[in-house]
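Overview (structure and organization)
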Amino acid sequence: MAITSFSQNKVNLKLDNTSLQSILNRIESQTTYGFAYNNEEIDVEQKLSIDVLEKDITSTMDLLLTNTGIHYKFRKNLVILFRQRPKDERYTISGTVKDAATGETLLGANVIVVGEARGTTTNEYGFYSLTLPQGNYTLQVSYLGYSPKEETIDLSDDLKRNFELDPTSNALDEVVVTSDNKNKSQVGTILSGVNNLKIADIKQLPAFFGEPDINRVILTQPGVTSVGEGTAGFNVRGGNIDQNLVLLDEAPLYISSHLWGLFSVVNADAIKGMTLYKGGIPARYGGRASSVLDIRQKEGNTKEFRGEGGLGTLFSRLTVEGPLVKEKLSFLVSGRRSYFDLFFPIIGGELKDTKLFFYDLNTKLSWNINNNNKLFASGYFGADVMKFDDTTSTDNPNEPTSSIDFRWNNTTATIRWNHLFSNKLFMNLSGIYSSYKYSLASQNDSGGFINGAGSFKWNSGVENWIVKPDFTYYPDPNTKMRFGVNGTLYKFTPAELSSNEAGLSPKDLDIDRGLEIAPYYELEKNWDKLSFNFGLRYSWFGNIGPNTILIYNPDFPLTVDTITDTKEYKNGDIIKSYSGFEPRFSLKYDLNNRKAFKIGYNRTFQYIHLISNTAAALPFDIWKPSGTYIKPLEVNQISGGYAYDTSNATYNFSVEGYYKTFKNFVEYKNGADLFINENIETQLLPADGYAYGFEFGFYKNGGVLTGNFNYTYSVSKRKTTSAFSAENINNGKYYPSNYDRPHLLNVTANCDLGKKWDMGVFFTYQTGRPTTVPTGRLTFDGNPYLTYSNRNAFRIPDTHRMDISFTYKPKGNPNTKWQGNWNFGVYNVYGNPNAFSEFSTFNTNELKTFRFSLLGAPIPFIAYNFKF
């Protein structure tokens, strides 16, 4: 048999200029050997010649592959063909980093080569890619709040390696006192003005009514202010509230708070983390001029069923998550509802039929299809409802009583597909829907109109449909590219009005539509000491029909009396379009691994505008797109800073300065009437502006006492630029914007008082915001009128507040997974009445001015938080 086998492996071939594939087939037919090779590596169509007589397989392969660069090796009866890779061949290790307990991917986790200044971080979906020369390496994977992990690898081929990190504490997130000394370091980030906020940051802060809240932690960041307590939105580096792009799983939120700013619309228990960009804004973000707040929801526990929640003074919340198919398909459901309105019927009187509550629901479904594909579907729905009885509307007990019904809601839906083309090319394809709707109505308790004046129903809103393919490419450890395109279709409904009020006829204002298309490219490059991030975004916006546009006499200001004609646009017609390049550039120079200088430049365009002439914007203010009479806002910002970590990295310092210019602000004429105005452009003025300032931050991250101190000095000015000088505010001179609050100081401290107790303290001080005040009275035709100062020529008194909270952690039962703690404290400890607006009246021929504050007394709170 040995002789037979030997004879079967003798090769007899004489072939000229024949494909390698054909030659291998002939050898297989004469021997017991088969062949294996990589088609991308071996060209089997190349032409070769061979002349052998009774040669064994080894001699045959040596003659056949001479001077081809192809090598071979045996695995039993298999001949493997390959090309010898050079010794400096580079290979890629890639994969995901997850929470070992929940399977949740960790965004921004560090993957570092131990002993070398090389490494990377995971993207928003927990994916990393690291290309290195062939060799043995020790990788360290770390993330705030988790135990780091090290693993030695032999990188002789491309590898896929997923890492799971163990949380450092089994305690509730609300009471984690981190000892990670690099959690606030700004040295490693190329972009300036970026704050990465973990859920632990949110839950450690003393919060209103004991509820962890995203809005509260945002307002503790340097450079971020608000008009005052009880006002919606936040202001960043002198910008309006509409200049902040707030994203929840990539879907834009048009209002980010409940109850006019008291609470965020997003339940903190459903959040994985968030990033605030206020200086260096990557090119993949656009559509807003001042900042981006990117909020990412959890994906759902893939390993076991878990839940957490809280019972508070004002509302309760519950989040549940778990696997539908273990390690494959998971879900997340998180809900909140306020319930103080449930006590109104018990209280009785005028509050008996009052409704005042909010609720929200977060959902997510995550499907790990295979190693290269993941699918996510997430949604959000939240609403505020306010209904007040008007007992003065009628004296007839048989007639239905009237009420004011006011409500607004956000709805979002996101479908995302993650696909890994290779270990270096990652794609995320998103389809997004976002809706913000609001209504105001006066009606009777049967849902109909009252037989009298003052009855109306008004609906308004804005909707988005977004498609966004986004690609990330990692050519080597020091280079990362990101590119894609954002396509957004807008629909604005200014007003749908039904009314029987005298002088207010039913009407539907024309719907505005817009289309924004923005391709972008980002390049991030790192050298030994120098790193830069370059981005270029090109945005095009079109205001599209159908619509009817009014034509005004160009020689006069825009008023209803200067309308000369109208122009009709059909469905799909481009009414007006704008476009422009938006370059982004950031540069970082490392003095050493603890000190770094940064500088950056951004240009951003904003094509949609919040129309509101109140300092504290209300949820029923309307949104308008850029068009014939409203130009897009253009903002240019240059910023720079210095970051420093102490030798043991327990303390972090950072200081940043910035200068911004604003072009084509939307400003308002004196006495502007914006409510359901068909000719709203007649109430608007163009304006330019500038803002500058510096921000100082100090962080202590380790030990019994942790916390931060930050101070901001900022100036924000603007001036109107109407072609008709009589229209300009303050004679066309610069004046403080509504958000010009030069001094801002925030102090946060957390103290570990022992095994069962923690204490948190928060203090804030801000310069009072600008205001316009009455200066006298005049009488015209027998009617009294107030005269006013120049716009924003005075200031409301400075505001300051201190909050304190204590957390008690009772000893848990080791036999159960239930964990709980009690959180209680006082909001506004010393009861400072922080006013955010003023109003004046004449009474008995005397001018009296009143200041309005929403929360002017200490507010105690208590909440019970739990996990299971």
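All of these numbers come straight from a predicted model, not from anything done at the bench.

Rules used in this analysis
- Residues numbered from 1 in each chain as written.
- Predicted model: local features only at pLDDT ≥ 70, side-chain atom pairs only at ≥ 80, totals over all residues.
- Heavy atoms only, no water.
- Helix = DSSP H or I, 4+ residues; strand = E, 2+ residues; numbered from the N terminus.
- Buried < 20%, exposed > 50% of the residue type's maximum accessible area, 1.4 Å probe, protein only.
- Contact = heavy atoms within 4.5 Å.
- Areas by Shrake-Rupley, 256 points an atom, 1.4 Å probe, with all protein chains shown as cover.
- pLDDT = per-residue confidence, 0-100.
- Polar contact = N/O pair within 3.5 Å; in protein donor to acceptor, adjacent residues only side chain to side chain.
- Pairing = 2+ DSSP bridges.
- Arc of directions from axis to C-beta.

Another aspect to go through is the overall build of the protein chain. Each helix and strand counted, the protein chain has 6 helices and 56 strands in total. The 868 residues of the protein chain split such that 54% are buried. Relative to all contacts within the protein chain whose residues are 6 or more apart in sequence, the contacts with residues 24 or more apart total 66%. For the protein chain, the exposed area adds up to about 37700 Å²; of that, 55% sits on carbon and sulfur atoms.

In this model, the protein chain carries an average pLDDT of 85, and 89% of its residues clear a pLDDT of 70 or more. Below a pLDDT of 50 lies the segment residues 1-7, which in the model reaches 0 contacts outside its immediate sequence neighbourhood of four places, other chains included.

Quick look at the environment of Tyr-520 now. Position of Tyr-520 among the secondary structure elements: in strand β33 (residues 512-526). By relative accessible area, which is 5% here, Tyr-520 ends up buried. On a C-alpha basis, the gap between Tyr-520 and Ala-283 in space is 6.0 Å, while along the polypeptide they are 237 residues apart. Aside from chain neighbours lying at most four places away, what touches Tyr-520 is Ala-283, Arg-284, Pro-469, Asp-470, Arg-482, Phe-483, Gly-484, Val-485, Asn-486, Leu-536 and Arg-537. Side chain to side chain, Tyr-520 and Asp-470 meet in a polar contact 2.3 Å long.

So, on to the pairing of strand β23 (residues 306-311). Sheet topology note: the β23/strand β24 (residues 315-325) ladder contains 6 bridges and is antiparallel. Within β24, the position partnered with Gly-307 by the bridge is Val-320. The turn linking β23 back onto β24 is made up of 3 residues. As paired strands, β23 and strand β56 (residues 859-867) are joined by 4 bridges and run antiparallel to one another. When the sheet's bridge partners are listed, Gly-309 is paired in β56 with Phe-866.

Among all positions of helix α3 (residues 57-64), only Ile-57, Thr-60, Met-61 and Leu-64 are buried. Seen end-on, α3 carries its buried residues on one side only, within an arc spanning 95°. Against β1 (11-19), α2 (20-30), β2 (34-36), β3 (47-55), β4 (70-75) and β5 (78-83) lie the buried residues of α3. Its side-chain oxygen 3.2 Å from the backbone nitrogen of Thr-58, Asp-56 forms the N-cap of α3.

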